[in-house]
Amino acid sequence: MRKLTTRDLTTIAIFGAIWGALEMTLGSYLHVIFPPVTTPLVGTGTVMTAIGMIVALIGYLFVPRAGAVLMIGVVAAILKALSISGARLSPMLAIIIECLLAELGLLLARRPGPWGFALAGALALVWTFFHKFFGSYVFLGKDITKVYLGLLKQGSQALGIDVSLALVIIAAFLLIRVIAGGVAGWLAWELGRAVRGRLAR
Amino acid sequence: MVGLGVGAGGARAAGQVAREQVRKGAGGARATMRMHGEWTQVERQALSVWGYLSFLVGAVAMAMLAPGPRVFVVLGLVVSFCALFCAGSLRLLRQRQFWLLIASALLLSPFFIGEKDVTLWGLRLSQQGFWAGLWMTARALTMGLAFNGFASRISVAELATLLEGAGLRGLGFALGVAFNVLPIIQQSAADAYTAMRLRGGFRRERFSALKKLLVTIVAGSLRRGEEIVDAAEARAFDPARPQGQMARPTHADVLLAFALLCGGLAILLPQFCHLCS
């Protein structure tokens, strides 16, 4: 495999900077306006991951190499970490894991295309559900069972169904993320092509 | 942060890592600089990047594993370390946004965590939620300060060298460029948004307007990227060449790592003994 050129690295840096800028501005404000406990079904993290994936996958269109999305994510995570309000480990780790999952999606899709991008986006967004458990246990020291029960309770209230329908609630949580990720991937493909068209003018 | 001339940004980023290595003296003398690459001060200090890294890893691990009230011991240790070695990082405590995040975790937990067993001013609250929120807040504070301490003492170039040492070649250059283009991207995004808003771009078909805005920002940034590539290539930058050497751990780094290990064991051991019995 060919090594990354100066152009590739610059493109990665630019897309990482765009994602980082969005995390530092839009992400920080959204986290303050909508704290995680008040948005059980789709939180700020999910929205920001979808936006970040759009940026990272457009970047992949310009640097179609394995590891490009991960590098964009690492740059974005470091920029966020070194910003005034972003010195938190949990979102940094989430960004990196999501990028790894997106890389897996792109690897499975083999060729860049709308469906491959949708798969990558969906896989990345699914992590936002599991990160709730991971983050609560690792960073906040909460009991996973309690997190799960709390999630079911909040989900049942948001969906207006009984708590006993746990599978339906979990499926709804995952389905929302898969659809959001798929749409983000598809949008990335469309936007990437639009950017190419603009640059070709 | 101050924006640099875009054309020179990439080349400056490329040379930044090497310049810092050259300016490093023997015996732990270290030069610190701002994000935009301007030399601010050269100071002699005992801890190297390894010391700050072990502090970060130790603090985060202890904050995650320390049970209940012992998190405050870890918080105390982290605050002391920050005050002694990276006082600038305590500026985080002056950020209103940071306290808003902390307060939201503390105030909302009694409403959302655990069984509501207390009534205060007519509000049904959970005692368990209050304590959980308090420990959560202490953990968040500890990790936030530790991370800020690490970030305030480690320059972009050192971080880049560290990452390159871990096998992520090219990331140092990418990080340098990203830091340099960040203020330019933010400014051009704000300009594009204002221009579109003044032309009534967001009154109708908001989604289409957002799409146009993103395309404009990305296309504009990539055009600027071409200038960075030209500047870097003109200065014979080669991403395949190692950008700097890893600093060797100093005696103080080893001592700090040992102290963190002992401190961590002292805080966590009673908990493990309790679990075993």
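Residues numbered from 1 in each chain as written. Chains lettered and ligands numbered in written order. Predicted model: local features only at pLDDT ≥ 70, side-chain atom pairs only at ≥ 80, totals over all residues. Heavy atoms only, no water.

Participant: Break down the overall build of chain B for me, with residues and values.
Facilitator: When helices and strands are counted, chain B shows nine helices and four strands. The secondary structure elements of chain B, listed N-terminal to C-terminal, are α-β-β-α-α-α-β-β-α-α-α-α-α. Each of the 277 residues in chain B was classed as buried or not, and the buried ones make up 45%. Pairs at least 24 apart in sequence give 68% of the contacts found in chain B among residues at least 6 apart. (Helix = DSSP H or I, 4+ residues; strand = E, 2+ residues; numbered from the N terminus. Buried < 20%, exposed > 50% of the residue type's maximum accessible area, 1.4 Å probe, protein only. Contact = heavy atoms within 4.5 Å.)

Participant: Explain the interface of chain A and chain B residue by residue, including any values.
Facilitator: Of the residues lining the interface, 51 residues belong to chain A; the matching set on chain B comes to 54 residues. When chain A packs against chain B, the two sides together hide about 4,800 Å² of surface, and 79% of this comes from carbon and sulfur. Joining chain A to chain B, the criterion identifies one salt bridge. When the shortest N-O distance is used, the salt bridge between Arg7 of chain A and Glu226 of chain B registers 2.9 Å. At the junction of chain A and chain B, the tally comes to two residue pairs in polar contact (both at pLDDT 80 or more). The element best represented in the side of chain A that touches chain B is helix H1 (residues 6–33) of chain A, accounting for 17 residues. (Buried area = accessible area lost by both parts, 1.4 Å probe. Salt bridge = Lys/Arg side-chain N within 4 Å of Asp/Glu carboxyl O. Polar contact = N/O pair within 3.5 Å; in protein donor to acceptor, adjacent residues only side chain to side chain.)

Participant: Describe the packing of aromatic side chains, naming the residues involved and giving the relevant values.
Facilitator: Scanning the model with the defined rule gives 12 aromatic pairs over all chains in all. For the pair Phe129 of chain A and Phe130 of chain A, a centre-to-centre distance of 5.2 Å together with 80° between the ring planes defines the contact as edge-to-face. With a relative accessible area of 37%, Phe130 of chain A lands in the partly exposed category. Three or more aromatic residues joined by ring pairs make a cluster, and in this case those are Tyr52, Phe55, Phe81 and Phe85 of chain B. (Phe/Tyr/Trp six-rings, centres within 6.5 Å; stacked < 30°, edge-to-face > 60°.)

Participant: Explain the packing of helix H2 (residues 44–62) of chain A against helix H7 (residues 166–200) of chain A to me, and be specific about the residues and the numbers.
Facilitator: Residue and element names in this part refer to chain A. Remark: H2 packs on H7, axes separated minimally by 8 Å, with the N-to-C direction vectors making an angle of 40°. Here H2 lies oblique to H7, going by the angle between them. The interaxial crossing formed by H2 with H7 has right-handed handedness. On H7, the residues touching Thr46, Ala50, Met53, Ile54, Leu57, Ile58, Leu61 and Phe62 of H2 are Arg177, Ala184, Gly185, Leu187, Ala188, Trp189, Leu191, Gly192, Arg193, Val195, Arg196 and Leu199. Looking at the contact of H2 with H7 residue by residue, the class counts come to 14 nonpolar, three polar and three charged. (Axes fitted to C-alpha atoms, helices over the stretch in contact; angles between N-to-C directions. Parallel < 35°, antiparallel > 145°, perpendicular 65-115°, else oblique. Left-handed = near helix turned anticlockwise from the far one by under 90°. Nonpolar A, V, L, I, M, F, W, Y, C, P; charged D, E, K, R; others polar.)

Participant: A description of the environment of Ala81 of chain A should follow, citing residues and the corresponding values.
Facilitator: Residue and element names in this part refer to chain A. Among the secondary structure elements, Ala81 is positioned in helix H3 (residues 68–81). Since its relative accessible area comes to 3%, Ala81 is described here as buried. Sequence separation of Ala81 and Met24 is 57 residues, and the distance between their C-alpha atoms is 9.0 Å.

Participant: Explain H3 of chain A residue by residue, including any values.
Facilitator: For H3 of chain A, spanning 14 residues, the distance from its first C-alpha to its last is 20 Å, which sits close to the expected 20 Å at 1.5 Å a residue. Most of H3 of chain A sits out of view: 13 of its 14 residues are buried. (Expected span 1.5 Å × (residues − 1).)

Participant: Tell me about the packing of H3 of chain A against helix H7 (residues 171–198) of chain B, and please be specific about residues and values.
Facilitator: Closest axis-to-axis distance for the H3 of chain A/H7 of chain B pair is 10 Å, and the angle between their directions is 55°. It follows from the interaxial angle that H3 of chain A and H7 of chain B lie oblique. Judged by the sense of rotation from one axis to the other, the crossing of H3 of chain A with H7 of chain B is right-handed. Here H3 of chain A contributes Met71, Val74, Val75, Ile78 and Leu79 of chain A to the contact with H7 of chain B, which in turn contributes Leu171, Ala174, Leu175, Ala178, Phe179 and Leu182 of chain B. Tallied by class, residues from the contact of H3 of chain A with H7 of chain B come to 11 nonpolar, no polar and no charged.

Participant: Provide a residue-level description of the pattern of salt bridges, including the pertinent values.
Facilitator: Residues and elements named next belong to chain A. This model, assessed by the stated rule, comprises two salt bridges over all chains. With a shortest N-O distance of 3.4 Å, Asp8 and Arg65 are connected by a salt bridge. Of this pair, Asp8 sits in helix H1 while Arg65 sits in the loop between H2 and H3, and the two are 57 residues apart along the sequence. Considered together, Asp8 and Arg65 belong to a single accessibility category, that of buried residues.

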